[in-house]
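What the coordinates show
Residues per chain are reported as follows:
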Amino acid sequence: MLTITQITEETDKVIAGLEKKFVANAKEKVNEVISANNARRAAQTKRDEILTQVNAMSKQIGLSMKSGDTDAANAAKSSVKELKKEASKLEQEMVEAQEKVRNLLLTIPNVPHESVPLGKTAEDNIVERTGGPEVQLPNNAVPHWDLAKKYDLIDFELGVKITGAGFPVYKGKGARLQRALINFFMDQAAEAGYLEVEPPFVVNEDSGYGTGQLPDKEGQMYHCNLDNLYLIPTAEVPVTNMYREVILDESQLPIKNCAYSACFRREAGSYGKDVRGLNRLHQFNKVEIVRIDTPEHSYESLHEMIAYVESLVQKLGLPYRILRLCSGDCSFTSAITFDFEVYSAAQKRWLEVSSVSNFEAYQANRLKCRYKGKKGTTQLCHTLNGSALALPRIVAALLENNQTEDGIRVPEVLVPYMGTDIIK
RNA sequence: GGAGAGAUGGCAGAGUGAUCGAAUGCACCGGUCUUGAAAACCGGCGUACGGCAACGUACCGGGGGUUUGAAUCCCUCUCUCUCCGCCA
């Protein structure tokens, strides 16, 4: 969430940012937060004054009792009682106002970075650049779900039997390809200086709140009722939460972590061609990169991350494009997001395989992830993350784009991991 | 699943009703000394909110209660550890 300081000190900028994101009644919302905060401050100031008196009197009572002056003590006791009543009333006012502020803040999305283009929907996203080879497929080329069947790589029906739709069973070279990609991505990340971590794949409620999945997106996560735990939709959740309620030293930044995890998403309400084959799953594998950085350096980090993800798709030899998401298409928490899409030649469509974002201090504010600067000041970090990469659509594109008469060609970088240069 | 113990500052660890935001040690930062370092000595060293500031208020796992006054007493929840059982 945004900080109250940001809202009170840069009110106009915040309102303009929210309007850019098409937040309804942005001005009213912001003013409501400010007035609730003013109410809180007023109540707190009064409460503090009363408590100052109470504390002084209580101390005096103790001294009176010791010196045997019980009359004075008893007289003071009753007035303290009155003051306490007043204080607790103000306290209640303060807490209520504070909760109001928090609840309002939770409904206000992040403000887009100035370089985010104005726009409402995915149509308005800007193609930053395209790259990779042009793929020419023969007329008899088929989509990946047919290839998966032909070479017995993925059994969707078996997954349905065991669990349900969206839980495929990978078999043989198909399973090996999962392992190959995960290892390739992890090795690349390590080489780029990311510290490998293996987090839990199940998180508690606090972690869900920390990264913003809760309270409003709980319908998108699988929930273990008995233990009140959530299956992670992305490794971002456990990895970023490692830094919840932590004060880092500036010298530690930027922190660079990478993690493989299985990801679980309920994806309620999806249908049609979007969910065909590997296009949208309830469980999939992904390697995630996460950074914690200073505000001064976070945009440099963002561009390093983009360049890094780009290097991955290039090495895999896939046609790709990078999109700068428009204001309306950026997620609730992001200040700026770049999407990576690879071209699936048989489906003749672009498939999103990565999303790289800078959340600035928005996520850190909820996480209470701070750092101590050189001057001894404590302030919020910036958090960033990106997929590097999500497997299913990469597999879809790899299978489709590399199909030949003799089988599916394995990209050179994966050959050592696959133990073969062709899947047949 | 059964039984027990515990949760205090970055860490260790005192503190069982007022003099406690909290002893002491370690770590860390600044200084003196030294050619430099170490040692020794001196000083500093939590977070949040309010206030121009002085300073004030809150916080000893979370929530509630008793009391003029709670880290300390009571209730409750959560978590951690140990032993037994089960087990990849």
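Keep in mind the model is a prediction, meaning the values are calculated, not measured.

So, how was this worked out
- Residues numbered from 1 in each chain as written.
- Chains lettered and ligands numbered in written order.
- Predicted model: local features only at pLDDT ≥ 70, side-chain atom pairs only at ≥ 80, totals over all residues.
- Heavy atoms only, no water.
- Phe/Tyr/Trp six-rings, centres within 6.5 Å; stacked < 30°, edge-to-face > 60°.
- Helix = DSSP H or I, 4+ residues; strand = E, 2+ residues; numbered from the N terminus.
- Disulfide = S-S within 2.5 Å.
- Buried < 20%, exposed > 50% of the residue type's maximum accessible area, 1.4 Å probe, protein only.
- Domains from an automatic or database assignment.
- Contact = heavy atoms within 4.5 Å.
- Buried area = accessible area lost by both parts, 1.4 Å probe.
- Pairing = 2+ DSSP bridges.
- Polar contact = N/O pair within 3.5 Å; in protein donor to acceptor, adjacent residues only side chain to side chain.
- Near = heavy atom within 4 Å.
- Nonpolar A, V, L, I, M, F, W, Y, C, P; charged D, E, K, R; others polar.
- pLDDT = per-residue confidence, 0-100.
- Axes fitted to C-alpha atoms, helices over the stretch in contact; angles between N-to-C directions.
- Parallel < 35°, antiparallel > 145°, perpendicular 65-115°, else oblique.
- Left-handed = near helix turned anticlockwise from the far one by under 90°.
- Core = buried A, V, L, I, M, F, W, Y, C linked by side-chain atoms within 4.5 Å.

**Observations regarding the packing of aromatic side chains**
One pass over the structure, following the stated rule, counts seven aromatic pairs. Aromatic side chains Phe184 and Tyr417 sit 6.0 Å apart centroid to centroid with 70° between the ring planes, which places their arrangement in the edge-to-face category. With Phe184 in helix H7 (residues 173-191) and Tyr417 in helix H13 (residues 415-418), this residue pair connects regions lying 233 residues apart in the sequence. Aromatic ring contacts, followed pair by pair, group Phe184, Phe185 and Tyr417 into a single cluster.

**Points about the state of the cysteines**
This structure, assessed with the given rule, holds zero disulfides. A disulfide-free cysteine, Cys258 has its sulfur positioned 14 Å from the sulfur of Cys263, the nearest such atom. You can call Cys258 buried: its relative accessible area is 0%.

**Looking at the domain arrangement of chain A**
With domains assigned, chain A is organised as domain 1 (4-105) and domain 2 (122-423). Just the C-alpha atoms count here: the centres of domain 1 and domain 2 sit 44 Å apart. Facing the four residues of domain 1 at the interface are seven residues of domain 2. Both faces considered, domain 1 and domain 2 share a buried interface measuring about 400 Å² in area, 45% of it formed by carbon and sulfur atoms.

**Here's the deal with the sheet that holds strand E7 (residues 229-231)**
Overall, antiparallel pairing links the three strands, which are arranged E5-E7-E6 in an open sheet. Both edges of this open sheet fall to strand E5 (202-203) and strand E6 (223-224), since each of them pairs with a single strand only. Inspection of the sheet shows E6 paired to E7 by two bridges, in the antiparallel sense. Looking at E7, one finds that His223 is bridged to Tyr230.

**Structural notes on the environment of Glu288**
With respect to the element layout, Glu288 can be found in strand E10 (residues 283-293). Contacts of Glu288, omitting those with residues within four sequence positions, involve Thr234, Ala235, Glu236, Asn257, Cys258, Ala259, Asn385, Gly386, Ser387 and Ala388. A distance of 2.6 Å separates a polar atom in the side chain of Glu288 from a polar atom in the side chain of Lys286.

**Remarks on the pairing of strand E14 (residues 369-372)**
Side chains Cys369 and Tyr371 of E14 all project onto a buried face; the interleaved residues Arg370 and Lys372 project onto a face where none is buried. Here strand E8 (residues 246-249) runs beside E14; their pairing, made up of four bridges, is parallel. Each bridged residue has a counterpart across the sheet, and for Ile247 the counterpart in E14 is Arg370. Examined bridge by bridge, E14 and strand E15 (residues 378-380) share three bridges and lie antiparallel to one another. Bridging across to E15, Tyr371 finds its partner in Gln379. Where E14 folds back onto E15 in an antiparallel hairpin, the turn is made up of five residues, including Gly376, whose phi is positive at roughly 85°.

**Looking at the protein's contact with RNA strand B**
Surveying the vicinity of RNA strand B reveals 21 residues, the closest of which are Arg40, Gln44, Arg47, Thr52 and Val80. Across the atoms of RNA strand B situated within 4 Å of the protein, the share located in sugar and phosphate is 72%. In the model, a phosphate oxygen of RNA strand B is placed 3.2 Å from a nitrogen or oxygen of the Arg41 side chain. Those elements giving two or more residues to the surface near RNA strand B turn out to be helix H3 (26-67), helix H4 (70-107) and E14. Counting residues per element, the surface near RNA strand B draws most heavily on H3, at 13 residues. In the surface near RNA strand B, the residues fall into five nonpolar, seven polar and nine charged.

**Here we look at the confidence of the model for chain A**
If pLDDT is low for a region, its predicted coordinates should not be looked at in detail. Per-chain confidence: chain A averages 92 in pLDDT, with 99% of residues scoring 70 or above. Per the prediction output, this complex has pTM 0.92; the corresponding ipTM is 0.85.

**Digging into unusual backbone geometry**
Here the residue pair Leu253 and Pro254 is connected by a cis peptide bond, since its omega of -5° sits within 30 degrees of zero. Mapped onto the fold, Pro254 is located in the loop between E8 and strand E9 (255-264). The omega torsion of the bond from Ala388 to Leu389 falls at 0°, within 30 degrees of zero and hence cis. With respect to the helices and strands, the residue Leu389 is situated in strand E16 (residues 382-390). Of note in this structure, Phe22 is not a glycine but carries a positive phi near 60°. Here Phe22 shows up in the loop between helix H2 (11-20) and H3.

**Comments concerning the packing of H2 against H3**
Packed helices, taken two at a time, are described by the angle their axes make and the gap between the axes. Relative orientation of the contacting elements H2 and H3 amounts to 140°, with a least axis distance of 9 Å. Relative to H3, the element H2 lies oblique. Along this stretch, H2 crosses H3, giving a crossing that reads as right-handed. Contacts from Thr11, Val14, Ile15, Leu18 and Glu19 of H2 reach H3 at Ala26, Lys27, Val30 and Ile34.

**Describing the nonpolar core**
Residues Leu181, Phe185, Leu316, Val342, Leu389, Ile394 and Leu414 are the most contacted members of the largest nonpolar core, which totals 62 residues. Beyond its immediate sequence surroundings of up to four residues, Val342 is in contact with Val313, Leu318, Pro319, Tyr320, Arg349, Trp350, Leu351, Val353, Arg393, Ile394 and Ala397. Counting residues in each nonpolar core, the second largest holds 19 residues, with Leu18, Val30, Val101 and Ile108 among its members.

**Points about the sheet that holds strand E13 (residues 349-360)**
Taking strand neighbours across the sheet as the criterion, the eight strands line up as E1-E11-E12-E13-E16-E10-E9-E4 in an open arrangement whose pairing is mixed. In the strand order of this sheet, the two ends are held by strand E1 (126-131) and strand E4 (195-196), each with one partner. Bridge count between E1 and strand E11 (residues 320-324): five bridges; the pairing is antiparallel. Considered in E11, the bridge of Ile126 is made with Arg324. Contacts between helix H12 (residues 391-401) and the sheet are confined to E10, strand E12 (336-344), E13 and E16, with E12 contributing the most and set at about 30° to the helix.

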